[in-house]
Amino acid sequence: MALWFPYLATDRLTKRKQPKSALVVAAKEANALRLSAVSPQAETLGLTRGMALADARAMVPEITVAMADEQADVRLLEKIATWCDRFTPFVAIDLPDVLLLDVTGVAHLFGGERGLLDALRNAFKKQKLAVRMALAGTAMAARALARECDGAIAAPGEESAMVATLPIDALLLDPNVTHAFRRAGLKTIGQVASRMRAELVGRFGYEVAATVDRALGRGEKPISPRLPLPDYMAEHRFAEPVTNQDVVSATLQKLAESLAHILEERGEGARALDAAFFRADGAVFRLGIETGRPTRDPKIVERLFREKLSSLADPLDPGFGFDLIRLSVPHAERIHPEAISFDASQQDDDEIGFLIDRLAARFGAARVLSFLANDTHIPEAAAVAAPAQHARESKTAWETVRNAGEAPRRPLRMFERPEPIEAVAEIPDGPPLRFRWRRALHEVTLAEGPERIAMEWWRHQPTMPTRDYFRVEDKSGRRFWLYRAGLYGRETAEPKWFVHGVFA
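Residues numbered from 1 in each chain as written. Predicted model: local features only at pLDDT ≥ 70, side-chain atom pairs only at ≥ 80, totals over all residues. Heavy atoms only, no water.

1. Structural notes on empty space enclosed by the protein
Selection rule: Both cavities and pockets are sets of points on a 1 Å grid over the protein atoms alone; in a cavity a 1.4 Å probe fits but cannot get out, in a pocket the set is open with protein on both sides within 12 Å along at least five of seven lines, and lining residues sit with an atom within 4 Å of a point. Grid points are joined across faces, edges and corners, and a volume is the space filled by probe spheres set on the points. Numbered from the N terminus, helices here are DSSP runs of H or I no shorter than four residues, and strands are runs of E no shorter than two. Residues are grouped as follows: Ala, Val, Leu, Ile, Met, Phe, Trp, Tyr, Cys and Pro are nonpolar; Asp, Glu, Lys and Arg are charged; all remaining types, including Gly, are polar.
Tallied over the entire structure, the rule returns one cavity of 30 Å³ or more. Estimates place the volume of the largest cavity at around 50 Å³. Around the largest cavity, the lining residues are Ala256, Leu259, Ala260, Leu263, Ala270, Leu273, Thr295, Arg296, Asp297, Pro298 and Val301. Of all elements in the fold, only helix H12 (245-266), strand S10 (268-279) and helix H13 (298-310) reach the threshold of two or more residues within the lining of the largest cavity. Here the lining of the largest cavity takes four residues from H12, the largest share from any one element. Across the lining of the largest cavity, the residue classes tally to eight nonpolar, one polar and two charged.

2. Topic: a nonpolar patch on the surface
Quick note on the threshold: Note on patches: the residues involved have over 30% relative accessible area and no salt bridge, like charges join within 9 Å, and the nonpolar side chains Val, Leu, Ile, Met, Phe, Trp and Tyr join within 5 Å. Per-residue accessibility takes into account occlusion by the displayed protein chains alone, with areas from the Shrake-Rupley method and a 1.4 Å probe. Every case where a carboxyl oxygen of Asp or Glu lies within 4 Å of a side-chain nitrogen of Lys or Arg is listed as a salt bridge.
On the surface, Leu355, Leu359 and Phe363 cluster together into a nonpolar patch covering about 260 Å² of accessible area. With respect to the helices and strands, leucine 355 occurs in helix H14 (residues 344-363).

3. Notes on the side chain of arginine 279
Just so we agree on the cut-off: In what follows, a contact means two residues having at least one pair of non-hydrogen atoms within 4.5 Å.
Counting through the fold element by element, arginine 279 comes out in strand S10. For arginine 279, the residues in contact, after removing those within four places along its chain, are Arg86, Phe285, Asp317, Pro318, Gly319, Gly321, Phe322 and Asp323.

4. Examining unusual backbone geometry
Selection criterion: Burial classes: relative accessible area under 20% of the type maximum marks a residue as buried, over 50% as exposed, and values in between as partly exposed (1.4 Å probe, protein chains only).
Residue leucine 95 is joined to proline 96 through a cis peptide bond whose omega torsion reads 10°. Along the polypeptide, proline 96 turns up in the loop between strand S5 (91-94) and strand S6 (98-101). Residues glycine 449 and proline 450 are joined by a peptide bond in cis, for which omega reads 10°. Assignment of secondary structure puts proline 450 in strand S17 (residues 440-453). Unlike most non-glycine residues, arginine 438 shows phi in positive territory, near 55°. With respect to the helices, strands and loops of the structure, arginine 438 is situated in the loop between strand S16 (432-437) and S17. Residue arginine 438 is classed as exposed on the basis of its relative accessible area of 57%. Unusually for a residue other than glycine, arginine 439 sits at a positive phi of about 70°. As for its placement among the helices and strands, arginine 439 is situated in the loop between S16 and S17.

5. Quick notes on the sheet that holds strand S9 (residues 232-242)
Backbone hydrogen bonds are what pair the strands of a sheet, in a parallel or an antiparallel way. Keep this limit in mind: A pair of strands counts as paired when DSSP detects no fewer than two bridges linking them. Working convention: axes come from line fits to C-alpha atoms, limited for helices to the stretch in contact. Angles between N-to-C directions cover 0 to 180 degrees.
Read across the sheet, four strands follow the order S9-S12-S10-S11 without closing on themselves; strand pairing throughout is antiparallel. Single-partner strands in this sheet number two, and they are S9 and strand S11 (284-295). Along the sheet, successive strands turn relative to each other by an average axial angle of 15°, direction set aside. Relative to strand S12 (residues 322-334), S10 is paired through ten bridges, and the arrangement is antiparallel. Bridged to alanine 272 within S12 is histidine 331. Each of S9, S10, S11 and S12 is contacted by H12, which is oriented at about 155° to S9, the strand it contacts most.

6. Overview of the layout of surface pockets
The method is simple in principle: a probe with the dimensions of a water molecule rolls over the atoms, and the space it marks as empty is what remains. Space inside the largest pocket adds up to approximately 1,000 Å³. As for the largest pocket, its lining consists of 28 residues, and the residues nearest its centre are Gly292, Arg293, Pro294, Asp350 and Gly353. Put simply, the parts of the chain that give the lining of the largest pocket at least two residues each are S11, S12 and H14. Take the lining of the largest pocket: its biggest share by element is nine residues, from H14. When its residues are assigned to classes, the lining of the largest pocket shows nine nonpolar, eight polar and eleven charged.

In short, the description is geometric, and any link to function would need to be established separately.
What follows is the structure, given as structure tokens:
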């Protein structure tokens, strides 16, 4: 289905306030102001697109002029496309003023193809939007029919006969190409198609010939929907809009049960789910959740969405009610059968996974982190924080940093960046006797080390200096983790000192 909004720019302005006179939209083109859009009232007065604004004022002095705002027009078209999602998830935008909808298998929900067209037309009429529409087997044919035969429905196999009678302007080709066709006496699409294909390709290029073929239903060009199509989808339409939160939750669980049967047949589970709530006034709310493991349990899905709904800073406003709720699975994964285990640790892992999913639904996946061991001996890079839902067990085991009964060799938490200090050592390679950190002087009473760590020269360019780490304790009993950067006499003549962490 093609939806053409011929007065998109002027409809956007008249939706706010009705002008007292004919409305035109002007844009600067080649150092001159020309009409980029005209209202139906202005059209009846003889004003057309492309006309110079000065000429338009000379013809109709009392016109209302507004400057063009292409971004605002695109935003309105995107808003209309979002509203059209209630009819089909496959909605594509064909700038500047056309929407393409794949309504395969949808028309029967609205009483047939004619009923679908009438439902859309009445809805846009209430929104004060002028629209021309048509149905055909290909997008190009539907777009051409929408421009020239509003409300046309091309039955399968009839696209060629219906489109052949349309003027060549319906294809929206380059103006120079259209002018060349007219000069050659080819005024309709059928007359152009009657010429040999080799002639069209040789004179105008392959793209023009392919456009003619697509308009006649002989081929199709892939169309990219504005939103990725989900793997699976289920929806529920209400005879009357609903506002009760319990009804919304029950509907989500029923939709999850419907999807669970399909996923079970395919041996898959959902890793991500999206819920779309279509309000009666046209507003659309979308919520998404993710799971750490593939799932198809309806109760878990409903619980996660309940957590998501309760955590919204701006609660879901039903307004006059929701007339459609859709649950989709944008990402599914294979579930490998596992033998039932009587091990309690397996149940604990499942409960922890569900807890992670609930916390992620409430606070966001980026705020629930898991620490994984990293394959490096550099202290600040020994662990990496990753979202717990997407974290997988690392192949690198955690390094044992102390034996039983020993004090920790490294602090539990280190500074994000080592902080420079002023230190005095008895010998260049020995531990510090005293150091000044954050303007406070610390006298060292005990020191252990060094633990020498060479930087990974294959990862850092230029090569970073070698570090000698010391565990020290001052007179007050406070313990610090310090290191000296650079080997004296071999890497530098003046080693620098840093504090990297503080023991509890």
